[in-house]
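# Structural overview
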Amino acid sequence: MAIHLNLSQATIREKRLKSIVGYQGTIKDLAEQSQSGCLKNATRGFSQATNCNSGCAQGYLSTITDAAIVNHGPIGCAGDVAGANAGFQWGQSIRDWNQRNVRIINTNMSEKAVVFGGDQILKEGILKAYERFKPKAIFVTTSCASGIIGDDIESTIKKAEAEIGIPVVPVFCEGFRSQIWASGFDAAFHALLTRIVKPAEKKRPELVNVINFAGSGRAVITEIFGRLGLVPQFGIPYSNIEEISRWSEAAATISICGTLGSYMGNGLEQNFGVPYVTALQPHGISGFDDWLTKLGETVGKEKEVEEYLAEQKVLAAPELEEIKFKLKGKKVVVGMGPSFAHNYIRFLEDLGMEVVWGFSWHYDAKHDHGGCPSCTVELTKTDKDIPVSVSDQQNHEVINLLSKVKPDIFIGRHPGMSVWATKMGIPAIMVSDEYSAFGYQGTIEFGHRIIDALTNNSLAVNLSKRINLPYTEWWLEQDPFSFQEQKNKKRESENKKNVAVR
């Protein structure tokens, strides 16, 4: 799919990648429908609250060290700033930086602004952000309110930009634009690709862009890349505007997450000539091998990568066998974003565990390079067909299913879900750090983390004895996906056939 930088807005994932938020079936059926172009979203007759793509755009851009954000919307749209700030503080902490808060201003759109227009308060917000923070760039994130009334954001921004003399960049991420919060990442990257990244003045064959979140694995990657004669350039979080403007100089771009990096990586490849490495995520042994091998092939370091991986296999083999012996046959349910979910399913099966269900919070039928996600295709290469579903953190579905399949452990990403498994007496691991299970050593450490969680499950057991779930017995007896309309239509069709047979 082409990344059109001549447009002011990124095309949302539903249109660009045929992404969905509702599905129930198996991994092989999901892959087959994706590849044939027949995959359809199953809408719900009932839905609980979920995340907003504005939060992804705003949170990601707010970690750029010398930029400021103006969120043009009602004050409630700034409610997720607390979460963005907590993440930003943690990222500064692991870098031993002096900590400060994110630089976000909200224009506090009132009823008056919604009726008569919010252009004036937007300009005042931009000028206030410049006066208060002296940033090198300001990103203006939109909201449902500013989008619905049709504020002329771009015109206001141009006037403010001429006045203060720094880039003021619109980020179109109204919540109603997309059901998929990851569209917010694309909106953020679109803003960077259109206004911040510059054509390369020189190429640096040793430099590799590494797209990540908090970037806790910088030291490990720097060491590995050093063995290969490469230098990582981490981002976008905790980078500055000058560094981001030179991402076009790199020899390649690689990402820790296929969902996150697809737009930026392909945008750099298509518009700035920087190859994007499409591989499995580097979680677990087979994923890390694929990730590093594909990078080596892209930058001409095949031999160095081969030698490094051979060395690591010998070192890790004894401990990995011990971990596999202890985890063999343990039942696990996975609940994560699409790329993490399908990569972790592969990783946990490699450890000898039995993945009895996989939730992904949305699913992209293809990535921006045009193919079905490699992590999904990889899971179809075995005889086993794993039950999966797509659910944008619909807790009523997840809790219902957990009560039926009763796994030994739940492994999730995003804190709002993992806590429910714990309350049900199921030990849970929340993978907040994207570099958990990275490479050989990370795989060993994560294996021990699972063993520890299974061995000492007293927290989950004691919590479950003292907490009443908010769901009734009636709901827990129902089909977890009974509110998905596609499933209901299929059921109605089967009932009609049965009636006809009688």
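Residues numbered from 1 in each chain as written. Predicted model: local features only at pLDDT ≥ 70, side-chain atom pairs only at ≥ 80, totals over all residues. Heavy atoms only, no water.

Once that is clear, we can look at the overall build of the protein. Along the backbone of the protein there are 22 helices and 13 strands. Relative to the globule expectation of 23 Å for 502 residues, the C-alpha radius of gyration of the protein, 23 Å, shows essentially globular dimensions. Here the C-alpha coordinates of the protein stretch approximately 70 × 60 × 45 Å along the principal axes. Scored against the burial criterion, the 502 residues of the protein give a buried share of 54%. Expressed as a percentage of contacts within the protein between residues at least 6 apart in sequence, the contacts between residues at least 24 apart total 75%. As displayed, the protein has an accessible area near 21,400 Å², and 51% of this comes from carbon and sulfur atoms. Each charge class in the protein was averaged separately, 54 positive and 56 negative side chains, and the resulting centres sit 3 Å apart. (Helix = DSSP H or I, 4+ residues; strand = E, 2+ residues; numbered from the N terminus. Rg over C-alpha atoms; globule rule 2.2 N^0.38 Å. Buried < 20%, exposed > 50% of the residue type's maximum accessible area, 1.4 Å probe, protein only. Contact = heavy atoms within 4.5 Å. Areas by Shrake-Rupley, 256 points an atom, 1.4 Å probe, with all protein chains shown as cover. Lys, Arg positive; Asp, Glu negative; His and termini not counted. Charge placed at Lys NZ, Arg CZ, Asp CG, Glu CD.)

Below, the discussion takes up the pattern of salt bridges. Two side chains that carry opposite charge are able to pair once their charged atoms sit near each other. Under the definition given, this model contains 17 salt bridges. Across the salt bridge formed by E242 and R246, the nearest N and O atoms sit 3.0 Å from each other. Given a relative accessible area of 47%, E242 falls into the partly exposed group. Since its relative accessible area comes to 27%, R246 is described here as partly exposed. For the salt bridge of D289 with K313, the shortest nitrogen-to-oxygen distance reads 2.5 Å. Highlighted residues: D289 in helix α13 (residues 285-299) and K313 in helix α14 (residues 302-327), separated in sequence by 24 residues. (Salt bridge = Lys/Arg side-chain N within 4 Å of Asp/Glu carboxyl O.)

The UniProt record annotates "domain: Nitrogenase/oxidoreductase component" (unreviewed entry) at residues 52-454. Across residues 52-454 one finds 50% helix and 14% strand; the C-alpha atoms that close the span lie 34 Å apart. (UniProt positions renumbered as here; feature names shortened; annotations may be inferred.)

Another aspect to go through is the packing of aromatic side chains. A complete count under the given rule lists 22 aromatic pairs for this structure. Taking the centre distance of 6.0 Å and the plane angle of 65 degrees together, the rings of F185 and F213 count as edge-to-face. Pair noted here: F185 is in helix α9 (residues 183-195) and F213 is in the loop between β6 (207-211) and α10 (218-228), with a separation of 28 residues, a long-range link. A single burial state applies to F185 and to F213, both of which are buried. Members of the aromatic cluster, connected to one another through ring pairs, are F225, F288, W291, Y435, F438 and Y440. Its end group placed over the ring of W97, R95 keeps NZ or CZ at 5.8 Å from the ring centre. The ring of Y238 carries R95 above its face, with NZ or CZ at 3.9 Å from the centroid. (Phe/Tyr/Trp six-rings, centres within 6.5 Å; stacked < 30°, edge-to-face > 60°. Lys NZ or Arg CZ within 6 Å of the ring centre and 35° of its normal.)

Overall, parallel pairing links the four strands, which are arranged β3-β2-β4-β5 in an open sheet. Here the strands that pair on one side only, and so sit at the sheet edges, are β3 (104-106) and β5 (168-171). Neighbour to neighbour, the strand axes of the sheet diverge by 20 degrees on average, direction disregarded. With three bridges connecting them, strand β2 (residues 67-72) and β3 associate as parallel partners. Its bridge partner lying in β3, V70 is registered against I105. Sheet strands in contact with helix α6 (residues 119-133) are β2, β3, β4 (137-142) and β5, and its direction is about 155 degrees off that of β2. (Pairing = 2+ DSSP bridges. Axes fitted to C-alpha atoms, helices over the stretch in contact; angles between N-to-C directions.)

For the peptide bond that leads from G235 to I236, omega is 5 degrees, which places it in the cis range. Here I236 lies in the loop between β7 (231-235) and α11 (241-245).

Turning next to the pairing of strand β10 (residues 354-360). When you tally the buried positions in β10, you get six out of seven residues, the bulk of the element. With six bridges connecting them, strand β9 (residues 331-336) and β10 associate as parallel partners. Each bridged residue has a counterpart across the sheet, and for V334 the counterpart in β10 is G358. Running through helix α15 (residues 338-350), the crossover from β9 to the neighbouring parallel element β10 is right-handed. In this structure, β10 lies alongside strand β11 (residues 387-391), joined through three bridges in parallel fashion. Opposite S360, over in β11, you have V390 as the bridge partner. Following the chain from β10 across helix α16 (residues 374-379) to the adjacent parallel β11, one finds a crossover that is right-handed. (Right-handed = clockwise from strand over helix to strand, strands pointing away.)

Now for the domain arrangement of the protein. Domain annotation of the protein identifies domain 1 (53-178) and domain 2 (315-477). Look at where the C-alpha atoms of domain 1 and domain 2 centre, and you get two points 35 Å apart. (Domains from an automatic or database assignment.)

Turning to the nonpolar core, a few remarks are in order. Counting residues in hydrophobic clusters, the biggest one holds 129 residues, and the most contacted among them are F139, L292 and I411. Residue-level mapping places this core at the junction of two domains, with at least three residues from each of domain 1 (53-178) and domain 2 (315-477). If you look at the next biggest cluster of nonpolar residues, it comprises 16 residues, including I105, A129, F133 and I164. (Core = buried A, V, L, I, M, F, W, Y, C linked by side-chain atoms within 4.5 Å.)

Throughout the structure, instances matching the rule amount to zero disulfides. Free cysteine: C52, not disulfide-bonded; nearest cysteine sulfur from C144 at 6.0 Å. Given the relative accessible area of 35%, C52 is considered partly exposed. With relative accessibility at 30%, the residue C144 sits in the partly exposed group. (Disulfide = S-S within 2.5 Å.)

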